[in-house]
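Listed below are the residues making up each chain.
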Amino acid sequence: MPRDTLTADRIVRAAIELLDSEGLDGLNMRSLAKRLGSAATAVYWHIKTKDDLVRLAGDAIWHEVELPDLATTDWRTAATAHAGSMHAMLTRHPWLVQAFGSHLLYGPGQARNNDLSLAIYEKAGFASDDADWAAASVFTFVLGSALGPAAQVSLNRRLSVNGADAEQLMADAMASAGETARQFPRLRERLGTAAAMEYSAAPDSTFEFGLQSVLDGFEARLAADGDGSRK
C-alpha cells in the first residue's frame, strides 16, 4: 500500500480494534500492518513506536466519554453520568485499564475529561484542592471498578491459548475456590445466596451502589462544611 494512503488517524483506529480483540500483548506493528493491508515500515513513517501508538489509541477512546452540560445539569447528576460513561468506556476497552500500569498516557482526550471532572466538583461547592481530591477519588473508584472486567477479559484470553476450554477451566477454578471458602464462616454462609448471585450476574449494580455511596459522602462533607447549598 502506498505511503500516502495511510494516516495516523487510520492507524490509531486500527490499533484500537486490534487492542480490543487481542489486548496489549497482541499489539505489534506487524499485526497492525497486516490489518491495514500495509507494510510495517509504512506504519513507522507515521507513528514511531508501540508506546506512542498505545498513548494515541488510549487518548482517542477518551473522546467516547460523554461530557454533561454543567449549565443545565446539577452537579450530582453530572457526576453520575460522567462516572458512568467513563466506566462504560473502560469496560468496552479493557486494555486501557492495564495500560495505566505500563504506559505513559496523556493527551487532549484525557485532558478534556479531567477538566470537566474538576468543573463538576467545583460546581458542587468544593474549593480548588478539595475538587482535585474529589475528582481523583471518583476516578480511582471508576478505574478500580473496571479492573474486574478487564482482568476477566485478559484471563479468558490467556486460558484460551492453544485451544483450551477457558469456560471449563474457570468453572473448575470456581468450584475449588468454593471449597476453600467453605472453611471460613462468613464466606460459607454467603455461598449460593441471592446477594452473591446478584453480584456475579449484575456487577453494574455494585458499581452504581458504590458510586452513589461516594457521592453521598461528598454531599455530607459539603453540608458539614456549610457549603451544601452551593450549586
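The structure this text deals with has already been given above.
Rules and cut-offs
Residues numbered from 1 in each chain as written. Predicted model: local features only at pLDDT ≥ 70, side-chain atom pairs only at ≥ 80, totals over all residues. Heavy atoms only, no water. Helix = DSSP H or I, 4+ residues; strand = E, 2+ residues; numbered from the N terminus. Buried < 20%, exposed > 50% of the residue type's maximum accessible area, 1.4 Å probe, protein only. Contact = heavy atoms within 4.5 Å. Areas by Shrake-Rupley, 256 points an atom, 1.4 Å probe, with all protein chains shown as cover. Core = buried A, V, L, I, M, F, W, Y, C linked by side-chain atoms within 4.5 Å. Axes fitted to C-alpha atoms, helices over the stretch in contact; angles between N-to-C directions. Parallel < 35°, antiparallel > 145°, perpendicular 65-115°, else oblique. Nonpolar A, V, L, I, M, F, W, Y, C, P; charged D, E, K, R; others polar. Phe/Tyr/Trp six-rings, centres within 6.5 Å; stacked < 30°, edge-to-face > 60°. Expected span 1.5 Å × (residues − 1). Polar contact = N/O pair within 3.5 Å; in protein donor to acceptor, adjacent residues only side chain to side chain. Patch = residues over 30% accessible without salt bridge, like charges linked within 9 Å, V, L, I, M, F, W, Y side chains within 5 Å. Salt bridge = Lys/Arg side-chain N within 4 Å of Asp/Glu carboxyl O. Lys, Arg positive; Asp, Glu negative; His and termini not counted. Charge placed at Lys NZ, Arg CZ, Asp CG, Glu CD.

Student: Would you take a moment to explain the overall build of the protein for this structure?
Tutor: Secondary structure summary: the protein contains 12 helices and zero strands in total. Secondary structure elements in the protein, listed N-terminal to C-terminal, are α-α-α-α-α-α-α-α-α-α-α-α. The 231 residues of the protein split such that 35% are buried. When contacts within the protein are restricted to residue pairs at least 6 apart in sequence, long-range pairs at least 24 apart make up 69% of them. Counting every atom, the protein has about 13,200 Å² of accessible surface; 55% of that belongs to carbon and sulfur.

Student: Hey, could you run me through the nonpolar core in this one?
Tutor: In a soluble, globular protein the nonpolar side chains are often hidden away together inside. In this structure, Leu32, Trp75, Leu96 and Tyr121 are the most contacted members of the largest nonpolar core, which totals 53 residues. When neighbours within four sequence positions are excluded, Leu32 is seen to be in contact with Ile11, Ala14, Ala15, Leu18, Val43 and Leu53.

Student: Help me understand the packing of helix H1 (residues 8-22) against helix H4 (residues 50-62) in this model?
Tutor: Axis angle and axis distance: for two packed helices, these are the angle between their axes and the distance between the axes, and together they describe the pair. Running from amino to carboxyl end, H1 crosses H4 at an angle of 85°, the nearest separation of the two axes being 9 Å. In this view, H1 runs roughly perpendicular relative to H4, as classed from their interaxial angle. Touching Ile11, Val12, Ala15, Ile16 and Leu19 of H1 are Leu53, Leu56, Ala57, Ala60 and Ile61, all from H4. Its residues assigned to classes, the contact of H1 with H4 comprises 10 nonpolar, no polar and no charged.

Student: Please explain the packing of aromatic side chains as it appears in this structure.
Tutor: By the definition in use, this model includes six aromatic pairs. Seen in terms of ring centroids, Phe126 and Phe218 are 5.5 Å apart; in terms of plane orientation they differ by 85°. Their pairing is edge-to-face. Of this pair, Phe126 sits in the loop between helix H7 (108-124) and helix H8 (128-159) while Phe218 sits in helix H12 (residues 203-224); the two residues are 92 residues apart in sequence, bridging distant segments of the chain. Owing to a relative accessible area of 7%, Phe126 belongs among the buried residues under this scheme. The class for Phe218 is buried, based on a relative accessible area of 11%. Chaining the aromatic ring pairs together yields one cluster made of Trp75, Tyr121, Phe126 and Phe218.

Student: Could you clarify how one ought to interpret helix H5 (residues 75-92) in this entry?
Tutor: The periodicity of an α-helix, 3.6 residues per turn, causes residues three or four positions apart to be oriented the same way. The end-to-end C-alpha distance of H5, which contains 18 residues, comes to 26 Å, matching closely the 26 Å that a straight helix rising 1.5 Å per residue would cover. For H5, the full list of buried residues reads Trp75, Arg76, Ala78, Ala79, His82, Ala83, Ser85, Met86, His87, Met89 and Leu90. By the N-cap criterion, in which a side-chain oxygen at the helix start approaches the backbone nitrogen of a residue two or three places on, H5 is capped by Asp74, the distance to Arg76 being 3.2 Å.

Student: What is the right way to read the side chain of Arg55 from this model?
Tutor: Looking at where Arg55 falls in the secondary structure, it is placed in helix H4. Judged by its relative accessible area of 19%, Arg55 is buried. Sequence-distant contacts of Arg55, that is, excluding residues within four places in its chain, are made with Leu104, Leu105 and Tyr106.

Student: I'm lost on a negative patch on the surface in this one. Help?
Tutor: Taken together, the side chains of Asp115, Glu122, Asp129 and Asp132 make up a negatively charged region of the molecular surface. By the element assignment, Asp115 lies in helix H7. For Asp115, a relative accessible area of 55% translates into the label exposed.

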